[in-house]
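Coordinate analysis (summary)
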Amino acid sequence: MQLGSGFDRRLTPYIFAAPAVLIMLFGLLYPVVEALRLAFYEVRLGEQMTPQAFRGFAIFAEALSDSSVRKSMAVTLQFSVIVVFVEMALGVGLALALEKPLRGMMVFRTLLVLPMMIAPICVGLIWRYMFDVNVGPINGWLSVFGLKPAWLADPGLAFFAICVTDIWQFTPFVFILALAGLQGLDQSSVEAAKMDGATTLQIIRYVKLPLLAPILMITILMRVIDALRGLEVVYAMTNGGPGLSTELFSLHIYKSAFVTQRMGHSAALSIGLLVVTTALSALLLMWSNPLRQKGR
Amino acid sequence: MPDAFATNERNNNAVRLAAVAAFAAISILPILVMLSTSLKTQRQVFSGDFSFFMVPTFENYRTVLEGRFLGYLGNSVVVSLFATVLTLVFGTMCAYAISRFKFSGRSPIAFGTLLIRTVPPAVLAIPVYFIFTPLHLDGLVGLTISYIALNLPFTIWLLYGFIEQVPTELEEAATVDGCGPFRLFFTLILPLLKPGLAAAAIFTFRIAWNELVLASILTNRTSRTLPYGVYLFITDVGIDWGQLMAAGMLVALPPLIFTFVAARQIITGLTAGAVKG
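Here the structure is a predicted model, which is why all the values come from computation and not from measurement. Each chain carries its own residue numbering, running from 1 in the written order of its sequence. Labels follow written order: the first chain is A, the first ligand is 1, and so on. For a predicted model such as this one, the threshold for reporting local features is a pLDDT of at least 70, and the threshold for listing and counting side-chain atom pairs is 80 or more; totals across whole chains, interfaces and linings nevertheless cover every residue.

Let's shift gears to the overall build of chain B. We count a stretch as a helix when DSSP gives it H or I for four or more residues in a row; a strand needs E for two or more, and each element gets its number in order from the N terminus. A count of helical and extended segments in chain B gives 14 helices and 2 strands. In this description the radius of gyration comes from C-alpha coordinates, and the expected globular size is given by 2.2 Å times residues to the power 0.38. Against the globule reference of 19 Å for 277 residues, chain B gives a C-alpha radius of gyration of 24 Å, more extended than a compact globule. Dimensions of chain B, computed from the C-alpha atoms along their principal axes, are close to 80 × 75 × 30 Å. Partly exposed residues are those whose C-beta has more than 12 but fewer than 20 other C-beta atoms within 10 Å; 20 or more makes a residue buried and 12 or fewer makes it exposed, with C-beta atoms placed from the backbone. Taking all 277 residues of chain B together, the buried fraction comes to 48%. Placing a C-beta atom from the backbone of each residue, one calls two residues in contact when those atoms lie within 7 Å. Considering only residue pairs separated by 6 or more positions, chain B has 78% of its internal contacts joining residues 24 or more positions apart.

Below you can see the structure in the form of structure tokens.
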């Protein structure tokens, strides 16, 4: 290299990496460390972390025994299991049925992506309108049967409504990933099974699904992590209510920080959430590490 | 016999086409509901008989744009554009360093980045408030910094894959010709990464444009961005659905347009990480 001495050349990668690394340290890592520190203090919005406000692990213990926290955990667990299960079943099922190249598939895939692209706040508001008891289109259509359920005012129905919304938004995601996976499968093993006289269902059960398993596991993990991170859709639709019936964990953290203003409580919960999402993220890395896909 | 088979195949195709068309229709129906509601008068909306047919009126859009909304729109455009451009430049540079150089700190940066990409916004909200406010970084500057940080992991990770596909012989030849590492990067490598940059740009812009949680705590009346502006249409006295949907359409429009223009890049971005190749 003409310009640089050996010293300059050794410096080059650091100069390339520095801006990104500094911004991530300041905007991601430092806040996470600060959240960890906050979790030990009992402070309200605008207050400082003084020694007098130090509570140690008491805040964690309190948070874990709090009934609204437990309720929110239960709601989040139920929500994640239900939506991810339904999305996987529908998305993978449709991908298997529509696997062969179809004319116009690109157009359809474009339309399917739309629900994931628009702002979550819009998704929440659209579905709040869809499920509105008086003016909503769903009750408009149901009025033919003389039905007028108060979707968002009933705990069970409201929970159902937020599940429907998530399934609407993310089934296409599973579909697109599963379809891409199927189209990348090694066709020779499918052909071999056909030669051996396997039925379509047998081929799916014993050839395609096992080959697809790594992609499906990754998809499940990505969906679970997203379900744990999201709060905007529910914030717009129900704001966690009625009662705590739709209070997802992320929403609970946000509300306890900025509505009831219990910062320490909220920070302690957010550390819990962070541990779970990071563990899932690490699991995801074990299966699919983009840094190990050399030569691709 | 061959004829029967052909007919069967054709029917089969028709069924599959109908199925995927129905799936797509369900995906866009609620968005069409938003569009049609935004074009209705208040009386039509509150009649309770939903219909896609009406004489369209732009009254709702006019009312929405007469308020503070236009200012929010400007804020959103500024924040999203700055965040996107800076994320792409810094992210690609970092991905290049990880891909092409061996240096101490390479592995911690690479794995730290990958691990931190799933930090929930709700986890960041409280500490970011505590850190940014005393530094007077609340407002649009702080928001832009947050969005760059939030988007860097995905961008680095996506662009890394694209850089790995560029043969190193190219750079070796350029180096022999006396081209320094920075000129090499900006004039030779960057142009080759266009598809990856397009995908990363769309995802970054989308996150910055749509984000609500950090925006709601870092901005005030003058520095609000669109998503929170839309949320403010929900008031204690009730919701004017027509206006709300008009505001929602304005927020949804840029991502919708991007999707139609660059569907292929979006699907590349969505499947990156799960599906190789």
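Anyway, onward from the coordinates.
Within chain A, the regular secondary structure consists of 12 helices and 0 strands. What you see in chain A, going N to C, is helices and strands ordered as α-α-α-α-α-α-α-α-α-α-α-α. For 296 residues, the compact-globule estimate of 2.2 N^0.38 gives 19 Å, and the C-alpha radius of gyration of chain A, at 24 Å, exceeds that figure by more than 25%. Overall, chain A is about 80 × 75 × 35 Å in size when its C-alpha atoms are taken along their principal axes. Expressed as a percentage of its 296 residues, the buried residues of chain A come to 42%. A fraction of 68% describes how many contacts in chain A between residues 6 or more apart in sequence connect residues 24 or more apart.

What follows concerns the domain arrangement of chain B. Residue and element names in this part refer to chain B. In this entry, domain limits derive from an automatic or database-based domain assignment. Each domain of chain B was delimited in the assignment, giving domain 1 (2-38) and domain 2 (60-271). Across the contact, 4 residues belong to domain 1 and 7 residues belong to domain 2. Per-class residue counts for the side of domain 1 that touches domain 2 are 2 nonpolar, 2 polar and no charged. Classes in brief: Ala, Val, Leu, Ile, Met, Phe, Trp, Tyr, Cys and Pro nonpolar; Asp, Glu, Lys and Arg charged; the others, Gly included, polar.

On to the packing of helix α4 (residues 69-100) of chain B against helix α10 (residues 194-210) of chain B. Residue and element names in this part refer to chain B. Every axis in this analysis is a line fitted to C-alpha atoms, fitted for helices over the stretch in contact. Angles between the N-to-C directions lie between 0 and 180 degrees. Viewed as axis vectors pointing N to C, α4 and α10 meet at an angle of 140°, and their least axial separation amounts to 9 Å. One finds that α4 runs oblique with respect to α10. The handedness of the crossing between α4 and α10 comes out as right-handed. Here α4 contributes S76, V79, S80, A83, T84, T87, L88 and G91 to the contact with α10, which in turn contributes L197, A200, A201, T204, F205, A208 and W209. An angle counts as roughly parallel when it lies under 35 degrees, as roughly antiparallel when it exceeds 145, as roughly perpendicular when it falls between 65 and 115, and as oblique in every other case. Note on convention: near helix rotated counterclockwise from far helix by under a right angle means a left-handed crossing. Clockwise means right-handed.

Moving on: the interface of chain B and chain A. Counting residues at the interface gives 87 residues for chain B and 90 residues for chain A. Element by element, the count of residues in the side of chain B that touches chain A is highest for helix α1 (residues 2-38) of chain B, at 14 residues. When grouped by side-chain class, the residues that make up the side of chain B that touches chain A number 65 nonpolar, 17 polar and 5 charged.

Right, let's get into the confidence of the model for chain B. Each residue carries a pLDDT score, the predictor's own confidence in it, on a scale running from 0 to 100. For chain B, per-residue confidence averages 86 on the pLDDT scale, and residues scoring 70 or more make up 95% of the total. Per-residue pLDDT, averaged within each element of chain B, yields its smallest value for helix α2 (residues 42-46) of chain B (79) and its largest for α4(B) (93).

Let us look at unusual backbone geometry. The linkage connecting G241(A) with the following residue, P242(A), adopts the cis geometry, with an omega of -5°. Among the secondary structure elements, P242(A) is positioned in the loop between α10 (232-237) and α11 (249-258). Its identity as a non-glycine residue notwithstanding, N239(A) has a phi of 55°, on the positive side. As for its position among the elements, N239(A) is in the loop between α10 and α11. In this structure N239(A) comes out as partly exposed when scored by C-beta crowding, with 17 C-beta atoms within 10 Å. Even without being glycine, H136(B) reaches a positive phi, approximately 55°.

Before going further, it helps to spend a moment on the nonpolar core. For the purposes of this analysis, a nonpolar core is taken to be any set of buried Ala, Val, Leu, Ile, Met, Phe, Trp, Tyr and Cys residues that are connected through C-beta atoms within 7 Å. Counting 161 residues, the largest nonpolar core has A20(A), C94(B) and A125(B) as the members making the most contacts within it. If you count residues domain by domain, this core takes at least three from each of domain 1 (2-38) and domain 2 (60-271) of chain B. In contact with A20(A), other than residues within four places in its own chain, are F90(B), G91(B), M93(B), C94(B), L152(B) and I156(B).

Our next topic: the environment of V141(B). With respect to the secondary-structure elements, V141(B) resides in helix α7 (residues 140-164). Taking C-alpha positions, V141(B) is 29 Å from P195(B), a pair spaced 54 residues apart along the chain.

A few words on the environment of T118(B). In this structure, T118(B) sits in the loop between α5 (106-116) and α6 (121-132). Spatially, the C-alpha atom of T118(B) lies 9.1 Å from that of L150(B), the residues being 32 residues apart in sequence. Excluding residues within four positions of it along the chain, T118(B) makes contact with I225(A), R229(A), T277(A), T278(A) and S281(A).

Below, the discussion takes up the confidence of the model for chain A. Chain-level statistics for chain A give a pLDDT mean of 87 and a share of 95% at 70 or above. Within chain A, the lowest mean pLDDT, 82, falls on helix α2 (residues 58-65) of chain A, and the highest, 94, falls on helix α5 (residues 120-130) of chain A.

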